[in-house]
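# Structural overview for review
Here is what each chain is made of, one letter per residue.
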Amino acid sequence: MSSRTSMTSFRLHEAPRDAPRSPEGTAARSRYEGPHGPVYVGHNESQEATFAWGPHVPSAQLEAGPFGRSDGQPLAFYLDPVPLTVGGASGAMVRPNWTLFSRRGRGIAVTLEARSYLYRVTGFSRPSLERGDRSTVAALGGVTGDHAISESADPVDVVVALVLFAGVPVSAITAQA
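The paragraphs below set out a description of the structure included in this document. Keep in mind the model is a prediction, meaning the values are calculated, not measured.

Parameters at a glance
- Residues numbered from 1 in each chain as written.
- Predicted model: local features only at pLDDT ≥ 70, side-chain atom pairs only at ≥ 80, totals over all residues.
- Heavy atoms only, no water.
- Phe/Tyr/Trp six-rings, centres within 6.5 Å; stacked < 30°, edge-to-face > 60°.
- Helix = DSSP H or I, 4+ residues; strand = E, 2+ residues; numbered from the N terminus.
- Polar contact = N/O pair within 3.5 Å; in protein donor to acceptor, adjacent residues only side chain to side chain.
- Salt bridge = Lys/Arg side-chain N within 4 Å of Asp/Glu carboxyl O.
- Buried < 20%, exposed > 50% of the residue type's maximum accessible area, 1.4 Å probe, protein only.

## Examining the packing of aromatic side chains
This structure, assessed with the given rule, holds three aromatic pairs. With a centroid separation of 5.2 Å and an interplanar angle of 45°, the aromatic rings of Phe-10 and Tyr-32 are classed as tilted. Of the two residues, Phe-10 is situated in strand β1 (residues 7-14) and Tyr-32 in strand β2 (residues 30-33); the sequence distance between them amounts to 22 residues.

Structure (structure tokens):
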């Protein structure tokens, strides 16, 4: 499969006050509008876990958030695996072996049973999620660009992208560059 993927735009907004809570009771912070949406994303009170849920996607939980990890391990570089669950599937994210001359080696590797992804920064600061075959799943547009998601993205791809975008600071990836 080529790294060229047909993409469509999506939007992220602040969640409305009446947004449904996650199955764990987490309040929504943002709302995704795009394929398989709406999807809501939120963090626990300590912002050390990230959740995504919606009527057309499986619920997802990443044991990390913008302020740290649920297990208390250091946030930087994700040297120890961070648990990820999507519906009944489990996996983890971890920093792969770092290499100076490979941008792909400076991302965050994500496995979810038979699926694999790479979460990395493209350009100066554009977060991007790629499948193991290097096809793009989703990318945030930054200041001037549109957010884009693959037209072939399924509900699992959508929630994996959203929990990573919301739960893993770009600085944790770019610190490796």
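Now that the structure has been shown, we can carry on.
## Some remarks on the side chain of Arg-120
Following the sequence through the fold, Arg-120 ends up in strand β11 (residues 115-122). Among the polar contacts listed, one links the side chain of Arg-120 to the side chain of Glu-130, at a separation of 2.8 Å.

## A look at the pattern of salt bridges
Following the criterion strictly, the structure yields six salt bridges and no others. Here Glu-33 makes a salt bridge to Arg-31, at a shortest N to O gap of 3.3 Å. Note on Arg-31: relative accessible area 23%, which makes it partly exposed. With a closest N to O distance of 3.0 Å, Asp-157 and Arg-115 form a salt bridge. Taken together, the residues span a long stretch of sequence, with Asp-157 in helix α1 (residues 155-167) and Arg-115 in strand β11 at a distance of 42 residues. Exposure remark for Arg-115: the relative accessible area of 30% places this residue in the partly exposed category. In this structure, a network of salt bridges that share partners links the residues Arg-115, Arg-131, Asp-154 and Asp-157.

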